[in-house]
Structure formats: C-alpha cells, structure tokens
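Topology and contacts: notes
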Amino acid sequence: RYDNGHYIVKAKIFVGDRQVATGLADEHTTDKGVNARNALENAETSAIGRALANYNFAPKGKRPSREEMIKAQVEDA
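Throughout what follows, the structure given in this document is the object of discussion. Because the structure is predicted, anything quoted here is derived from the model rather than measured.

Brief notes about the packing of aromatic side chains
- All told, the structure shown has one aromatic pair when counted by the stated rule.
- An angle of 45 degrees between the planes, with centres 4.8 Å apart, marks the rings of tyrosine 2 and tyrosine 7 as tilted.
- The buried category is assigned to tyrosine 7, whose relative accessible area is 19%.

Observations concerning the pairing of strand S3 (residues 18-28)
- Two elements, strand S2 (residues 6-15) and S3, share ten bridges in a ladder whose sense is antiparallel. Across the sheet, residue lysine 12 finds its bridge partner in S3, namely threonine 22.
- Hairpin geometry of S2 and S3 is characterised by an intervening segment of two residues between the two adjacent antiparallel strands and by a positive phi of about 65 degrees at glycine 16.

Let's talk about the environment of serine 46
- Here serine 46 is to be found in helix H1 (residues 35-54).
- A sequence separation of 23 residues divides serine 46 from glycine 23, and the C-alpha atoms of the two residues are 7.9 Å apart.
- Leave out the neighbours within four places in its chain, and serine 46 touches Ala25 and Glu27.

Cut-offs used in this document
- Residues numbered from 1 in each chain as written.
- Predicted model: local features only at pLDDT ≥ 70, side-chain atom pairs only at ≥ 80, totals over all residues.
- Heavy atoms only, no water.
- Phe/Tyr/Trp six-rings, centres within 6.5 Å; stacked < 30°, edge-to-face > 60°.
- Buried < 20%, exposed > 50% of the residue type's maximum accessible area, 1.4 Å probe, protein only.
- Pairing = 2+ DSSP bridges.
- Helix = DSSP H or I, 4+ residues; strand = E, 2+ residues; numbered from the N terminus.
- Contact = heavy atoms within 4.5 Å.

Listed below in structure tokens is the structure:
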C-alpha cells in the first residue's frame, strides 16, 4: 500500500497452500538517509524479515528489541 510517501508492506509465508506466517512493515519517504530513495525496498525487506521471524526462522535467532528499533528510527531521521 502506498499513500503520499508512506509505504505499508505485508509479506506472507506459505507452506504448500497453507499460510503459516505474515510480517508487516511501514516506512516513510524522507528528505535524507536511506529512505530518501529506498523506503519501499526497506519496507519490503523488513516485512519479509518479520514474516521469517514470525515463522521462527530468524537468522540472528531473535527479533529486534524495542530499543534497537527506536535507535534505527533515530539514526534514519
């Protein structure tokens, strides 16, 4: 979904015909930083990563903490 610089992406994981996990992510286009050019791609990657984590397939073995997410938002601003 796209609305005036705001992207919402939903990724779905299927095993056969059965949906086993989903992941949602949203990003806003910014004036500087990585989201100035790649907000959609960041939302897509995040949604896929969250879906995989929800399916218990996280490469690092855990999902990011609230503190890590806040830090990432501050660094991107």
